[in-house]
Structure formats: C-alpha cells, structure tokens
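Reading the structure
What follows is the residue order along each chain.
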Amino acid sequence: MQHGWQGAVIKALRGRDFTLEVLSAQDVGGRCRRVRVRDGGLLAACPPHPTMWVRLWFSDGGRPHQRAFTVVDPDPAAGSFDLEFALHDGVAAAWSLAARPGDRLDATVYGTRFDPLPEPVRRLHLVGDPASLPAVNSVLDAHAGTPATVVLEEGHPDDRALPVRARACHDVTWVPRGEGAAAGGALVDRVRSGWADADARADWFWLGCEAASTRALVRHLRRELGVPKERVSALGYWRDEA
Ligand SMILES: Cc1cc2nc3c(=O)[nH]c(=O)nc-3n(C[C@H](O)[C@H](O)[C@H](O)COP(=O)(O)OP(=O)(O)OC[C@H]3O[C@@H](n4cnc5c(N)ncnc54)[C@H](O)[C@@H]3O)c2cc1C
C-alpha cells in the first residue's frame, strides 16, 4: 500500500521497509489478540533488542494509518515474530481481529533502540499498560534476575489476566485507569508514591503508558526526584482521545 508523506519522510531518513505475512492469530484473554507473522527478512536485517518496535501500515478507508507495535518473541532463525494487539476501538486493533493466515502487512523499521542500562542497577521501575506490556515483558526477560517494581494500568478488570513475565524478584501491581477527567490519575499517584523508596543514582526507570501520564511521571522523576536522564527511558505509547 502507499505510505503517503509520512512514508516518504521515513524513507528519506533511511527507514527500512518489509512486508509481513500472517501465519496465525489467536485471542489472549478477551482483550488482546496475538498475531504471528513471517518477517519478510526484517529480523535478519535489523537484529532484535528488548522493547524493539516497528511501524505498521494499516488502511483507514484507503488512507495510510501508521502505528507502532512491539516485536514479541522474535525468532531470527525461523524469520518470524509475534505482534500483540491490546483491543480497543481502533484501526490497528480491528485489523488484528480480522487477521487471517496469508494476510500481508507493511512494516517499517525506524527509530527503535535500546541503550545499555547504566551501572549500577539496583532496581528497575517499570510503568506500563496492556499496550506496552509486550515491551515490559521484553525488559523482564532481559533482566530476569534484577529486582523490579512493575506498575501496570488496566483499562478493564480483565486486563489483569494478561501474561506478565514476572519472576520471584519482580513485584507487579495493577491500577485501574478510571474514567473521564480522572482517567490516568490513579496510576500517576500510585507510581509517584511507590517511588518514595527509589534510588535516583542506582535505579533505572522505564515508562510506557498513555502520553499525558508518561509526561507527568517523567516530569516528577527529573524535577522532583532529580533522576539523571540516562536512568530514564520514557515514551508515550498511546494518546487518550476520549
Ligand atoms: C513504541 C511503541 C510500541 C507499541 N507497541 C504496542 C504493542 O505491542 N501492542 C499494542 O497494543 N499497542 C502498542 N503500542 C500502542 C499503539 O501504537 C497505540 O495504541 C495505537 O494508537 C493503536 O492504534 P489503533 O489504530 O488501534 O487506534 P487509534 O486509531 O490510534 O485510536 C483510536 C481510538 O482508540 C484510543 N486508543 C488508542 N490506543 C489505545 C490503547 N492502547 N488503549 C485504549 N485506548 C486506545 C484512542 O484514544 C482513540 O480514541 C505501541 C506504541 C508505541 C509508541
């Protein structure tokens, strides 16, 4: 499909294009859809790293609709990986529900990176939600023996059934998102109070939640707690347009 002006800009910036092919699709609980894809050479050209994400191109009434999704359980030898779609009312989410073996999907790799954690790392503090859970899980897999505090925001009580790859040294808490003007407030409050025990010079912070919540939490980390920027990795994963 044509990628429009966004595609032209990313191409000029040396984004790399691939065509994925759906191998299988399955529900994970009632609120997530997992789609396994053949990678079209993507993993051989772009070796995977924790939190790796790709830009996927969907059609929205014929117009290009580009959204970011995390590469889950990449298998470079087999040339395949999973995509996990948190379900809500959106074009990408709807595509995942309709996906069937043989369907094709364009993907562009541009902008994904994961810097080595600064030494020392006493504890990880991870903040996410169903959209960033694949990335959170990839960090937990990569740091299976490092103590971690994980706070996840649920949009629905069923989200708690989503698979979190926590080990014995990983402490996981779910917080309801809430609704209306209060949406996101409980997560921000819970995370801020949990950080009272954080060590700004020895801990590492990863944030991937709704954009306004992510911004509020980064501000708190940097301005109130004085955490150096190399100890913070943050990206708004979605924007609440309700
Ligand atoms: C680096 C990165 C990696 C990501 N990886 C994943 C991933 O692996 N799996 C995943 O599910 N998402 C992931 N996301 C988030 C995903 O890109 C967004 O949720 C995207 O908006 C979904 O597109 P859509 O077409 O379904 O909905 P859109 O057309 O963008 O939005 C439609 C409506 O749905 C609402 N909405 C969008 N996303 C959400 C959400 N997550 N929860 C509740 N409401 C929402 C919007 O506010 C809007 O009202 C990632 C984002 C980033 C930045």
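Reading the values: the criteria
- Residues numbered from 1 in each chain as written.
- Predicted model: local features only at pLDDT ≥ 70, side-chain atom pairs only at ≥ 80, totals over all residues.
- Heavy atoms only, no water.
- Pairing = 2+ DSSP bridges.
- Helix = DSSP H or I, 4+ residues; strand = E, 2+ residues; numbered from the N terminus.
- Axes fitted to C-alpha atoms, helices over the stretch in contact; angles between N-to-C directions.
- Contact = heavy atoms within 4.5 Å.
- Near = heavy atom within 4 Å.
- Polar contact = N/O pair within 3.5 Å; in protein donor to acceptor, adjacent residues only side chain to side chain.
- Areas by Shrake-Rupley, 256 points an atom, 1.4 Å probe, with all protein chains shown as cover.
- Buried < 20%, exposed > 50% of the residue type's maximum accessible area, 1.4 Å probe, protein only.
- Domains from an automatic or database assignment.
- Buried area = accessible area lost by both parts, 1.4 Å probe.

The strand order across the open sheet formed by seven strands is β4-β3-β7-β1-β2-β6-β5, and the pairing between neighbours is antiparallel. Strands with a single pairing partner mark the edges of an open sheet, and in this sheet they are β4 (63–70) and β5 (72–75). Here the average twist between neighbouring strands, direction ignored, is 35 degrees. Of the strand pairs in this sheet, strand β2 (residues 32–38) and strand β6 (residues 80–86) are connected by seven bridges, and their pairing is antiparallel. Residue Arg36 lies in a different strand from β6, and its bridge partner there is Asp82. Lying over the sheet, helix α3 (residues 91–98) contacts β1 (16–27), β2, β3 (53–60), β4, β6 and β7 (104–109), oriented at roughly 85 degrees with respect to β3.

As a further point, take the site of the ligand. Within the structure, the ligand sits among 24 residues, and His65, Arg67, Glu84, Ala86 and Arg239 are positioned closest to it. Contact between the ligand and Ala68: an oxygen atom at 2.8 Å from a main-chain N or O atom of the residue. Contact between the ligand and Glu241: an oxygen atom at 2.9 Å from a main-chain N or O atom of the residue. Relative to its unbound accessible area of 910 Å², the ligand is 84% covered by the protein chains. By residue number, the principal contributor to the shell around the ligand is β4, which donates five residues.

Note that Met1 resides in the segment before α1 (4–12). The exposure class assigned to Met1 is partly exposed, which follows from its relative accessible area of 45%. Leaving out residues up to four positions away in the same chain, Met1 has contacts with Trp57, Phe58, Ser59, Arg63, Pro64 and Asp106.

Let us now look at the side chain of His65. Here His65 shows up in strand β4. The contacts of His65, once residues within four sequence positions are left out, are Leu56, Trp57, Phe58, Asp60, Val91 and Ala92.

Before going further, it helps to examine the pairing of β3. Burial within β3 is extensive, with six of its eight residues counted as buried. Connecting β3 to the antiparallel partner β4 that follows it, the hairpin turn spans two residues, and Gly61 within it adopts a positive phi of roughly 60 degrees. Summarising the sheet, β3 and β7 pair through three bridges and their orientation is antiparallel. Each bridged residue has a counterpart across the sheet, and for Leu56 the counterpart in β7 is Ala107.

Structurally, the protein comprises domain 1 (4–109) and domain 2 (123–234). On a C-alpha basis, the centroid separation for the pair domain 1 and domain 2 is 24 Å. Tallying the contact residues gives eleven residues for domain 1 and 15 residues for domain 2. Regarding the contact of domain 1 and domain 2, the summed buried area is about 970 Å², with carbon and sulfur atoms giving 63% of it.

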